[in-house]
Amino acid sequence: MNQIELIRALPKAELHVHIEGTFEPELMFAIAQRNQIQIPYQSVEEVKHAYNFHNLQSFLGIYYAGANVLVHEQDFYDLAWAYFEKCAEDRVVHTEMFFDPQTHTERGVEFATVLAGLKRAC
Ligand SMILES: [Zn+2]
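Notes on the structure follow. (Residues numbered from 1 in each chain as written. Predicted model: local features only at pLDDT ≥ 70, side-chain atom pairs only at ≥ 80, totals over all residues. Heavy atoms only, no water.)

### Points about the packing of aromatic side chains
- Applying the stated rule across the entire model yields 6 aromatic pairs.
- For the cation-ring pair, R120 lies above Y77, with the distance from its terminal atom to the ring centre recorded as 4.1 Å. (Phe/Tyr/Trp six-rings, centres within 6.5 Å; stacked < 30°, edge-to-face > 60°. Lys NZ or Arg CZ within 6 Å of the ring centre and 35° of its normal.)

So, in structure tokens, the structure goes:
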């Protein structure tokens, strides 16, 4: 077993992750289209490019653009489920997941909607 294989095989713990920050470009783009919400990116490639952020402000730009497409329970479910699939792939066996309710309630999304989607994915 080489070092890469060893690292892949080791169980891991993710001690602090904000679920909104795990948004994969493909899923962000798909949910934006599903909900007919404009994001400042024309393609999955543009979203990927935006993830190469270079300072806090450029990170927050894509973070809030992504969070903005989350409206329905299914959206929160899909976001969390995609993250959990990635955890399984990377052998993350423990994760301490955070979410930012005020980012959603300030846009008129009910707290219960956010929680229901995340809980169902768990
Ligand atoms: Zn934090």
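Okay, back to it.
### Quick word on the packing of helix α2 (residues 25-34) against helix α5 (residues 73-89)
- As a packed pair, α2 and α5 sit with axes 11 Å apart at the nearest point and diverge in direction by 170 degrees. Viewed along their axes, α2 and α5 adopt a mutual orientation that is roughly antiparallel. Listed contacts from α5 to L27, I31 and R34 of α2 are Q74, D75, D78, L79 and A82.
- Of the residues assigned to the contact of α2 with α5, the class counts are 4 nonpolar, 1 polar and 3 charged. (Axes fitted to C-alpha atoms, helices over the stretch in contact; angles between N-to-C directions. Helix = DSSP H or I, 4+ residues; strand = E, 2+ residues; numbered from the N terminus. Parallel < 35°, antiparallel > 145°, perpendicular 65-115°, else oblique. Contact = heavy atoms within 4.5 Å. Nonpolar A, V, L, I, M, F, W, Y, C, P; charged D, E, K, R; others polar.)

### Overview of the nonpolar core
- Of all hydrophobic cores here, the largest spans 29 residues; its most connected members are F23, I39, Y41, V47 and V69.
- Contributing elements (two or more residues each) for this core: α2, α3 (44-50), α4 (56-67), α5 and α7 (111-121).
- The dominant element in this core, judged by the number of residues it contributes, is α5, at 7 residues.
- The residues touching F23, leaving out its near neighbours within four places in the chain, are M28, I31, Y51, G66, V69, L70 and L79. (Core = buried A, V, L, I, M, F, W, Y, C linked by side-chain atoms within 4.5 Å. Buried < 20%, exposed > 50% of the residue type's maximum accessible area, 1.4 Å probe, protein only.)

### Thoughts on the pattern of salt bridges
- One pass over the structure, following the stated rule, counts 6 salt bridges.
- Residue E26 is joined to K48 by a salt bridge in which the shortest nitrogen-to-oxygen separation is 3.1 Å. With a gap of 22 residues between them, E26 in helix α2 and K48 in helix α3 connect regions that are remote in the sequence.
- Judged by relative accessible area, which is 34%, K48 ranks as partly exposed.
- Here E89 and K86 are joined by a salt bridge, their closest N and O atoms 3.4 Å apart. Of the two residues, E89 and K86 both sit in helix α5, 3 residues apart, roughly one turn of that helix.
- Overall, K86 belongs to the partly exposed group, its relative accessible area being 36%.
- One continuous salt-bridge network, built from bridges that share partners, spans E26, E45 and K48. (Salt bridge = Lys/Arg side-chain N within 4 Å of Asp/Glu carboxyl O.)

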